[in-house]
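Fold and geometry: a report
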Amino acid sequence: MGHTLRIKNATLSLLAALAFLAVPQAGIAQDAADALTAAPGSGEVFGEAPASAAEGEVVASETVAPETEGAYTPMAPTKDKGMPTDPLTGEPGAMAKSLTFQDQYSKDGEYALWMHNWFLLPVITAISLFVLGLLLYVVVRYSRRANPEPSKTTHNTMIEVVWTILPAAILVVIAVPSLTLLARQYETPPEDAVTIKATGYQWYWGYSYPDHGGVEIISNMLSDVDAVRNGEPPQLAVDNRMVVPVGVPLRIQTIGADVIHSFAIPSLWFKQDAIPGRLNEKLLTIEEPGVYYGQCSELCGTRHAYMPIAIEALPPEEFAAWVRSQGGTMPGEEVVEEAPAAEDAPVEEATEVALAQ
């Protein structure tokens, strides 16, 4: 009995102690709830319009900051646009599309692709078939069975004239579009072109925008997991893209910080070396919005294969939003710094001046 009584007394003492500790905690919780419910210093309920508020007025603490109008949002890439085609997908035409150039999204690229598909390729095909036909003809016509006595002819003036003039004429015809494309690729950027400087490092790229307040970004390759999660091709996706306006002439300047790199975007028909101590520049105009991928195309060290390039071409208004999100300014915009407000003179001094007058 004594042992049971001691257990009951201990249990009652423990319950009493717990009840004693719970009372202050409940009071603290209630005070916290009151503090969250009431507007500080007003005695009014938080979230309800005060009695002095005008009809339709919203309590400041209840408002949610709206999304900034025209804010920059990274563009999602379009499948097979500006990126290599995977021939193993099993999609119709994937293998054939992987055997030729990527679709082009610049005027020079469109001209070069036309020249390849509709000019050079037919000429090459015709020459190859013609030479193959000649070989087969010679094999059959001048075989040992058909000619037991071999011919001892050493010269044929007509054949020599033909095989000299005809190839020369073909080269002259090919030279016309070739020189046209070469001249277009070295066209000087206009004065109002947007200047972007691409600097090659071992092994990443840096982009600066001298026309937009000196914005500078560093671009590194994303891991394969992050690239696939973003819907981008592995080993081509980057953390910070080179963002440019679409339909606007771009002055792309390249330079190397350590060794020779090469800034190459196949779908834009653009390739330019980045050489230390030398600033190269080239004109580029992108015709359609999109994300375009490339890589360094000059052997530059052990991680040469891991310094991709990603260009995001945006409409001009979205490009301006991106510039502002990076802390830059558009040409013609001036950063207005507010002058410090003058300290108000004490009321007593103003009163004394008024009385003195």
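Residues numbered from 1 in each chain as written. Predicted model: local features only at pLDDT ≥ 70, side-chain atom pairs only at ≥ 80, totals over all residues. Heavy atoms only, no water.

1. Observations regarding the overall build of the protein
Broken down by element type, the protein carries 7 helices and 10 strands. Of all 357 residues assigned to the protein, the portion counted as buried reaches 27%. Considering only residue pairs separated by 6 or more positions, the protein has 61% of its internal contacts joining residues 24 or more positions apart. When the accessible surface of the protein is summed, it comes to about 24000 Å², and 61% of that surface belongs to carbon and sulfur atoms. (Helix = DSSP H or I, 4+ residues; strand = E, 2+ residues; numbered from the N terminus. Buried < 20%, exposed > 50% of the residue type's maximum accessible area, 1.4 Å probe, protein only. Contact = heavy atoms within 4.5 Å. Areas by Shrake-Rupley, 256 points an atom, 1.4 Å probe, with all protein chains shown as cover.)

2. Some remarks on the packing of helix 3 (residues 107-141) against helix 4 (residues 157-185)
Two numbers describe how helix 3 lies on helix 4: the axes approach to 10 Å, and their chain directions differ by 165 degrees. On the basis of their axis angle, the class for helix 3 and helix 4 is roughly antiparallel. The two elements helix 3 and helix 4 cross, and the hand of that crossing is left-handed. Note on element contacts: helix 4 touches helix 3 through I170, V173, I174, P177, S178, T180, L181, R184 and Q185, opposite K107, D108, Y111, A112, M115, F119, L120, V123 and I127. (Axes fitted to C-alpha atoms, helices over the stretch in contact; angles between N-to-C directions. Parallel < 35°, antiparallel > 145°, perpendicular 65-115°, else oblique. Left-handed = near helix turned anticlockwise from the far one by under 90°.)

3. Notes on the sheet that holds strand 7 (residues 270-274)
One open sheet accounts for 5 strands, arranged 4-10-9-6-7; its pairing is mixed. Taken across any chain shown, the strands that pair with only one partner, and hence form the sheet edges, are strand 4 (242-245) and strand 7. Neighbour-to-neighbour, the strand axes of this sheet turn through a mean angle of 25 degrees, independent of strand direction. Bridge count for strand 9 (residues 290-296) against strand 10 (residues 308-314) is 6 bridges, and the pairing is antiparallel. Each bridged residue has a counterpart across the sheet, and for Y292 the counterpart in strand 10 is I311. In the packing of helix 6 (residues 316-325) onto the sheet, contacts are made with strand 4 and strand 10, and the angle to strand 4 comes to roughly 140 degrees. (Pairing = 2+ DSSP bridges.)

4. Brief notes about the packing of aromatic side chains
Per the counting criterion, the structure on display carries 11 aromatic pairs. Here W205 and F263 contribute two aromatic rings whose centre-to-centre distance is 5.2 Å and whose plane-to-plane angle is 85 degrees, an arrangement assigned as edge-to-face. Here the residue W205 occupies a position in strand 2 (residues 204-209), and F263 occupies one in strand 6 (residues 261-265), the gap between them amounting to 58 residues. F263 matches W205 in its accessibility class, with the two residues each being buried. Here the aromatic cluster, defined as three or more aromatic residues joined through ring pairs, consists of W205, Y207, F263 and F270. Looking at R141, its charged tip hangs above the ring of Y142, at a distance of 5.0 Å from the centre. Stacked on the ring of F270, the Lys or Arg K282 has its end atom at 5.0 Å from the ring centre. (Phe/Tyr/Trp six-rings, centres within 6.5 Å; stacked < 30°, edge-to-face > 60°. Lys NZ or Arg CZ within 6 Å of the ring centre and 35° of its normal.)

5. What to know about the confidence of the model for the protein
In the predicted model, the protein carries a mean pLDDT of 80, and 74% of its residues have values of at least 70. Considering only residues more than four positions removed or in separate chains, one finds that residues 1-5, a stretch of pLDDT under 50, has 0 contacts. (pLDDT = per-residue confidence, 0-100.)

6. What about the nonpolar core?
Ranked by internal contacts, the top residues of the largest apolar core, which has 35 residues, are F263 and I286. In this structure, F263 is in contact with A198, W205, Y207, M242, I252, T254, F270, K271, Q272, I309 and I311, ignoring residues within four places of it in sequence. L236, V238, V291 and Y293 belong to the second largest nonpolar core, which has 6 residues in total. (Core = buried A, V, L, I, M, F, W, Y, C linked by side-chain atoms within 4.5 Å.)

7. A closer look at the sheet that holds strand 3 (residues 215-219)
Spatially, 5 strands are ordered 3-2-1-5-8 in an open sheet, and the strand pairing comes out mixed. The sheet is open, and its two edges are formed by strand 3 and strand 8 (280-284), each paired on a single side. Between one strand axis and the next, the sheet turns through 20 degrees on average, direction left out of account. Examined bridge by bridge, strand 1 (residues 194-201) and strand 5 (residues 250-256) share 7 bridges and lie parallel to one another. Each residue of the ladder has a partner; that of A198, found in strand 5, is T254.

8. Some thoughts on the environment of A71
Structurally, A71 can be placed in the loop between helix 1 (2-37) and helix 2 (94-98). Between the alpha carbons of A71 and A320 there is a distance of 9.2 Å; along the sequence they are 249 residues apart.

9. Observations concerning unusual backbone geometry
Each neighbour pair has its own omega, and for Q202 with W203 the value is 5 degrees, a cis peptide bond. You will see that Q235, though not glycine, has its phi angle at about 65 degrees, which is positive. Tracing the chain through its elements places Q235 in the loop between helix 5 (224-229) and strand 4. Residue classification places Q235 among the partly exposed residues on the basis of a relative accessible area of 33%.

10. Regarding helix 4
Here helix 4 is 29 residues long and its end C-alpha atoms lie 42 Å apart, about the 42 Å a rise of 1.5 Å per residue gives. Along its length, helix 4 shows its largest kink, about 30 degrees, at A175, and proline P177 lies within four residues downstream of that point. Along its buried surface, helix 4 packs onto helix 3 and strand 8. At the N-terminal end of helix 4, a side-chain oxygen is found 3.2 Å from the backbone nitrogen of M158, two or three residues along, and the residue is N156. (Expected span 1.5 Å × (residues − 1). Bend = angle between axes of the 7 residues up to and from the residue. Polar contact = N/O pair within 3.5 Å; in protein donor to acceptor, adjacent residues only side chain to side chain.)

11. A few points about the pattern of salt bridges
Side chains carrying opposite charge are able to pair once their charged atoms draw close together. With the rule as written, the count across this model stands at 8 salt bridges. When the shortest N-O distance is used, the salt bridge between R251 and E281 registers 3.9 Å. Pair noted here: R251 is in strand 5 and E281 is in strand 8, with a separation of 30 residues, a long-range link. It is possible to trace a salt-bridge network through shared partners that takes in E232, R241 and E312. (Salt bridge = Lys/Arg side-chain N within 4 Å of Asp/Glu carboxyl O.)

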